[in-house]
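This is what each chain is made of:
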Amino acid sequence: MADQVTALRAYHDLGEKAGRPGPAGVTLREVSGFSLTQIACWPETLTEVGAMAAQVAECTEAPAPGQLASGAQGMLLRVEPLKWWLIREADRQPIADMAAEVGAALDLSSARTWVRVEGEDASMLLNHFLPLDLRPQAFPPGSVASTAFHHVGITLWRSGEAFELALPRSFAASLWELLVDSAQQYGVVTGEVAYELEEGSEK
Amino acid sequence: MTARRLDQGGRIDRATPLTFRWDGKELTGYAGDTLASALMANGERVLGRSFKYHRPRGIMSAGVEESGAIVSVGQGARQEPNVKATMQELYEGLETRGQNAWPNVRRDLGAVNGLFGRFLAAGFYYKTFMGVPLFEWGRGTGLWMKYETLIRKAAGMGRASREADPDQYDHAHAFCDVLVVGGGPAGLRAALTAAEAGRDVILVEQDFELGGDLLNDPAGEAERGALVRSVERAGVRVMTRTTAFGLYDMGVAGLVERVSDHLSAPAAYLPRQRFWTVRAGATVLATGALERSVAFGGNDRPGVMTANSGRSYLNRYGILPGERIVVATTNDSAYVTAGELAAAGAEVTIAEARNAPGCELPAGVTLRTGVAPLKAEGRSKLRALRLARPNGAGWQAAGREACDLLLVSGGWSPVVNLASHRGVKPEWDAELACFLAGDCDEPVYMAGSAAGVWTREACETSGVEVAKRAMGLASNPPAAGGWTAPIRPLYEVRLPGRKAKAFVDPQHDVTCSDVRLAHQEGFVSVEHLKRYTTLGMATDQGKMGNIIGLALMAEALGKEIPAVGTTRFRPPYTPVAIGALAGRNVHGHFKPLRRTPLHDWNLRQGATMTDAGLWHRPWYFAGPGETLGDAYVREAATVRQTVGICDVSSLGKIAVQGPDAAEFLNRVYTNGFAKLAIGKARYGIMLRDDGMVMDDGTTWRIGEADFLMTTTTTNAGRVMVWLEELLQLRWPELKVHVTSVTDQWAGVSVAGPKSRAVVAACLRDPDSVSHETLPFMGVAPVVLRDGTEGLIARISFSGELAFELYVPGNYGEAMMEQLWTAAARHEGCLYGLEALGTLRIEKGHVTGAELDGRVTIRDAGLGGMASTKKPYIGKALQERPELQRPDRPRLVGILPKDRSKTFNGGALLCKPGAQSGFGEGWVTAVTHSPALGHWIGLGYISGGHDQWVGQLAIAADPVRGEPVEVEIVSPHMFDPEGVRMHG
């Protein structure tokens, strides 16, 4: 296969830390090498498709709206009432075809750019753009939200301490520039990281 | 006023002297000073000039209500006008200037306006429209245009910089259980109470220090310090230098945080300000109260201040603001100030408007009872105060007191502004002579002196109790009031028949006479009074003058104040910089930019980009020395001769999936999609409900229940929303999911006679694009030589043999490298939007320029695609008689009669000799056609080209150029049979 060129390939190498002196308050990294499959169902096949999705990810059950679940083979995000996103390593086999009456799968691996935001000031940085309550009690690890970032619809979730953003690929560089500019006040390090299943998932 | 810095005392840091400049003079202050206190300590008295009359003005207060010391700070692009010196923190190197004066505020030639004061009364501006008496009577003025400039020059405030704002601003969102606005005794107690009860609390204070009135009281410092530490320990998020400027629906508050306005050399990584949107479960407004003045002659003179500000300058800034001080009061609040000033060495006389004070007379202070200020004498320096005593319903002169400082307390006005933003009606409390906020049906609560509670102890109790209420607990806040003897309501002092300039709203130079004039002329409603006199419309928004203005109008009408009413306060409480509103949505980020997966690759190939909706798309790829015109003609010609490659990734792409997907598309498109075979694409047109064309594009059937719809670049979002709406609201029974996959795919169009060879060279199975395997409008999955999986469709926008090749976005550059290498072998080119336009105009293919929302499918020449056999959206309404008229403008091709000439896009098409009105049609697109060798265009004209056979039209563009004779032809100007495309 050819080399993948992600949306931020040309943007995330600042080299040194930038902005406020001292330890960086924010780390911004593009996560690469993942596959993203949308699994959609119909109202009457919600349980059936959820179970199938959970089986693929090897997690106990498919997550409820606004939640994610991690398993040994991937992570499931409930992004809409009838839709999950399955995030796995890039080279996994496509999931088995579903009968149209059961549901629909769709590859969105290149449609979203994944940005991980970490550090002491991560939630503050995001709140410069996102009108969401990100306090730990309101948005604990495992939470998923669809929200707006500078007019653009994005998906946000929290895994452990990090916030994860799935940005539409075409908008990713523009939104990344805003994040990097605003993060200067906290001190920022940028980079790229290859996708790995998060620790603590049910292996 | 002969102010001097005391050797000790105050909260300033005498170990940190700061140098700053005032009107070019270098002066020194201390850390902890405001610009106002530093100027006062340096003996500067005249700091501003008034709006209309250019009267000298000095410091009138110590807070946001300041109406005299209004100055410009900063230099160059950072010059900011109309800054209240009382709110500007001093820093090393601060540059400040007086404004609205020439040559300077001390000697201002504009002061000549004062002599014409009687012509500049309320409404003079409007009256200038009526015409010069006698000469222009009754027909309005023609001179207006001449003297408007002069008036605008003479009046006004500071000037903003003309340069672009060099600073950054951030927006920010925050959430809390309880938002406390105001860090005085009540606010601190409220924040502490809520935080100790486990609530998440944000405390907002506009000052740079917490404490409110505690900052003015050295005796309260220990308590203040302890309280502030407790608040911080309790986990309250404290935001100083932050103003809550507005309250909105659902517990939303707008804040402006001044991050670096107080720093002499702010770091480049810091924003200047942050604009916060706070969503709070409950809001406690401990916003304090502002002291009012009284209207009397010369009440705007330098040396006349509110009483409590005298205390602030003494105790907070260590300045004795005068040597011989008169404290004119109507209530008990000024007595502490008088005593402290006397103790600090000033000679202090209290002019008490009541017959007896309600509290003990402080040591060393002289008391005169039953007198009120009548006229401040002096010009730029106060010399004496003439007093008056009541005489029946009016006043009579009662002697003169020499003084260099006059402190006035006409009572206190609780800051109810933020509650007013929520629609809470202020209610007049006659006993306290002030407006209090009425009940609010939202969780917004008033605490402390903002609720009319006057004593320190009661304010603290109020903070505690109101915090409990905000938490939904039982509470018992103290009642408003707290003085032992009542206030004597006093708004104006004047002698009958004597003229005096007594100011109601000093910032806008509104006098008592102006209010009476408004009444005489019939502007008696409080809303009319405001607009006619501009009372309350200056940068302080009526903080100083509103109550006095209402009182005067009430008197003129013979009514009580509540019967006159009050205007509602609107946001912002204090001015908000435009930059803070804009945040980071400026320059290249005014709108988010969309980049295709090939964006950087295109740039590396020398693309010049152009906007297409939010996208940047290649416009043209100029070779050495080529202009736009050279480049696009070469590109279009190359496509027709060999092959060209164009990035079409920005086309909208929507996955339509589900057992009812075919049925859904069949309802959305005018033509049939139910029987589209797997592996086939079809061009479709969708209409709006009103029968007008909405969008067009090809839709590909990938599987039985799996379609890929393409839309135009600019309509992609609209179509997506439309499809979602149809599925959710109109046809919820259809089992269809639509998902935008625009961003998933990198797409290119490979067009031209050599396109098959180029594409085949990049595929594992070159035969998969043979004419037999992939006929015209065929769609198939493909594998590139490097293993990348994608989709290919044999569709053409250019009219040539052409393919659209899609791979996942991350593989876009790799695909492009392979195609480009293969195309080079055929002397192919990259082409941009301009050449794409040329190719489609030659073919008569429509885009957004033709499908502009006003045309029907028949107008666009695509009537054959409107099915008669099935229903579809827009079918009924496109049958409206008006849309059936034979003379409706229809899509046509346009050629200049003289083939060497050109004409303009947007020109009107007219009958010869009838170049007027709307004409018979219009030109939508023009290009130079390399295939035909001359300029061509598309457009709409009444009846279509059949009606214009043998008849010339005129392309008229009276604004930009000469009329041009044109021939009206079929829009299919090149290869009308489509031989090349099917080849």
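This structure is a prediction, so every number in the text was calculated from the model and none was measured.

J.: Whenever I open this one, the overall build of chain B confuses me. Can you help?
T.: Along chain B, the regular secondary structure elements total 23 helices and 49 strands. A compact globule built from 983 residues would reach a C-alpha radius of gyration of about 30 Å, whereas chain B, at 38 Å, exceeds it by more than 25%. Seen along its three principal axes, the alpha-carbon backbone of chain B occupies a region of about 110 × 75 × 55 Å. With 983 residues in all, chain B has 59% of them scored as buried.

J.: What should I look at first to understand the sheet that holds strand β38 (residues 737-740) of chain B in this one?
T.: Backbone hydrogen bonds hold the strands of a sheet together, and the pairing may be parallel or antiparallel. Residues and elements named next belong to chain B. One open sheet holds the 5 strands; their spatial order is β35-β36-β37-β34-β38, and the pairing between them is antiparallel. Only two strands of the sheet have a single neighbouring strand rather than two, namely β35 (681-687) and β38. The average angle at which neighbouring strand axes cross in this sheet is 30°, direction not considered. Here strand β36 (residues 693-703) pairs with strand β37 (residues 706-711) via 4 bridges, running antiparallel. Looking across to β37, one finds that Arg701 is bridged to Phe707.

J.: Got a minute to help me understand the pairing of strand β40 (residues 779-783) of chain B in this structure?
T.: Strand residues, when the strand is regular, have side chains that alternate between the two faces of the sheet. Residues and elements named next belong to chain B. Here β40 runs beside strand β41 (residues 789-793); their pairing, made up of 5 bridges, is antiparallel. By the bridge assignment for β41, Val783 is matched with Glu789. In this structure, the hairpin formed by β40 and β41 is closed by a connection of 5 residues, where Gly787 is found at a positive phi of approximately 95°.

J.: Is there a simple way to think about the packing of helix α10 (residues 512-520) of chain B against helix α12 (residues 546-557) of chain B in this case?
T.: A pair of packed helices is captured by two measures, namely the crossing angle of their axes and the spacing between those axes. All names here are of chain B. α12 packs onto α10 with a crossing angle of 45° between their chain directions and a minimal axis gap of 10 Å. In terms of axis orientation, α10 runs oblique to α12. Judged by the sense of rotation from one axis to the other, the crossing of α10 with α12 is right-handed. Contacts between α10 and α12 involve Cys512, Val515, Arg516 and His519 from the former and Gly549, Leu552, Met553, Ala556 and Leu557 from the latter. Here the contact of α10 with α12 is built from residues that sort into 6 nonpolar, 2 polar and 1 charged.

J.: I'm lost on the environment of Asp600 of chain B in this one. Help?
T.: Relative to the elements of secondary structure, Asp600 of chain B occurs in helix α15 (residues 599-604). Along the chain, Asp600 of chain B and Glu813 of chain B lie 213 residues apart, while their C-alpha atoms are 8.9 Å from each other. Not counting residues up to four positions away in its chain, the partners in contact with Asp600 of chain B are Ala10 and Tyr11 of chain A together with Glu813 of chain B.

J.: So what exactly am I meant to see when it comes to the nonpolar core here?
T.: Most often, soluble globular proteins have nonpolar side chains that are buried together. All names here are of chain B. Ranked by internal contacts, the top residues of the largest apolar core, which has 45 residues, are Phe20, Leu35 and Val348. When residues of this core are assigned to their parent elements, the largest contribution, 6 residues, is made by helix α1 (residues 35-41). Both domains that meet at this core, namely domain 1 (1-166) and domain 3 (293-410), each give it at least three residues. Ignoring any residue separated from it by four or fewer positions in sequence, one finds Leu35 in contact with Phe20, Val71, Val73, Ala85, Gln88, Leu90, Leu94 and Thr96.

J.: Quick question: what am I supposed to make of helix α17 (residues 661-668) of chain B here?
T.: An α-helical turn contains 3.6 residues, so a residue and the one three or four places further along point in the same direction. Residues and elements named next belong to chain B. Counting buried positions along α17 gives 6 out of 8 residues, so the element sits mostly inside the fold. The set of residues buried in α17 consists of Ala661, Ala662, Phe664, Leu665, Asn666 and Val668. If you follow the buried residues of α17, they end up packed against β34 (652-657), β35, β36, β37, α18 (716-730) and β38.

The rules behind each value
Residues numbered from 1 in each chain as written. Chains lettered and ligands numbered in written order. Predicted model: local features only at pLDDT ≥ 70, side-chain atom pairs only at ≥ 80, totals over all residues. Heavy atoms only, no water. Helix = DSSP H or I, 4+ residues; strand = E, 2+ residues; numbered from the N terminus. Rg over C-alpha atoms; globule rule 2.2 N^0.38 Å. Buried < 20%, exposed > 50% of the residue type's maximum accessible area, 1.4 Å probe, protein only. Pairing = 2+ DSSP bridges. Axes fitted to C-alpha atoms, helices over the stretch in contact; angles between N-to-C directions. Parallel < 35°, antiparallel > 145°, perpendicular 65-115°, else oblique. Left-handed = near helix turned anticlockwise from the far one by under 90°. Contact = heavy atoms within 4.5 Å. Nonpolar A, V, L, I, M, F, W, Y, C, P; charged D, E, K, R; others polar. Core = buried A, V, L, I, M, F, W, Y, C linked by side-chain atoms within 4.5 Å. Domains from an automatic or database assignment.

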